[in-house]
Amino acid sequence: MTHGEGAGLVLVLGGLAVGPSVSNLVLGEYRDATVGAGLRVLGAGVVVGGFAVAFWNESDLQVSLAEAAMLIGTGTFVAGALHDVVGSAVNAHRQRVRIEPRGAGLALTVGL
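Read on for an overview of the structure. (Residues numbered from 1 in each chain as written. Predicted model: local features only at pLDDT ≥ 70, side-chain atom pairs only at ≥ 80, totals over all residues. Heavy atoms only, no water.)

Right, let's get into the overall build of the protein. Along the backbone of the protein there are 4 helices and 2 strands. When the helices and strands of the protein are read in sequence order from the N terminus, they spell out α-α-α-α-β-β. Within the protein, the fraction of its 112 residues that count as buried is 18%. Put simply, of all contacts in the protein between residues at least 6 apart along the chain, 52% involve residues at least 24 apart. When the accessible surface of the protein is totalled, it reaches about 7700 Å², and 72% of it is carbon and sulfur. (Helix = DSSP H or I, 4+ residues; strand = E, 2+ residues; numbered from the N terminus. Buried < 20%, exposed > 50% of the residue type's maximum accessible area, 1.4 Å probe, protein only. Contact = heavy atoms within 4.5 Å. Areas by Shrake-Rupley, 256 points an atom, 1.4 Å probe, with all protein chains shown as cover.)

All right, on to the pattern of salt bridges then. A complete count under the given rule lists 2 salt bridges for this structure. The salt bridge partner of Asp32 is Arg31, with a shortest N-O separation of 3.1 Å. What makes Asp32 buried here is its relative accessible area of 12%. In this structure, Asp84 engages Arg40 in a salt bridge whose closest nitrogen and oxygen atoms are separated by 2.7 Å. One end of the pair, Asp84, is in helix α4 (residues 60-96); the other, Arg40, is in helix α3 (residues 30-56), and 44 residues separate them in sequence. With respect to burial, Asp84 and Arg40 carry one shared label: buried. (Salt bridge = Lys/Arg side-chain N within 4 Å of Asp/Glu carboxyl O.)

The structure is reproduced here in structure tokens:
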């Protein structure tokens with residue numbers, strides 16, 4: 001792998017780890033962005049660890065456990081992405097439609 005290819009790989013992996021959280025960051029929902037990115041980083045770490053264990057072990061049991069870990073890591077990564085995609089849609093809707101107290105009653109505010 002040349003130097004340029006390595007930089008491209010880092011950009012792609014960084015985009016996958018942080019990209020889905022950007023909409024929550026824009027909305028000011030820092031907790032949701034952190035949870036989603038954390039799940040994706042955790043899942044990616046489990047996949048990389050499982051791959052390393054499967055690559056350097058010859059025991060069928062260890063390889064099977066590593067494959068299971070990679071599957072769980074992939075599911076965790078996808079769950080983090082879904083958390084951000086669905087969460088940002090909910091947060092955007094919540095910020096557009098608000099019920100606020102006004103005077104003696106409530107006011108419904110709908111933004112675009």
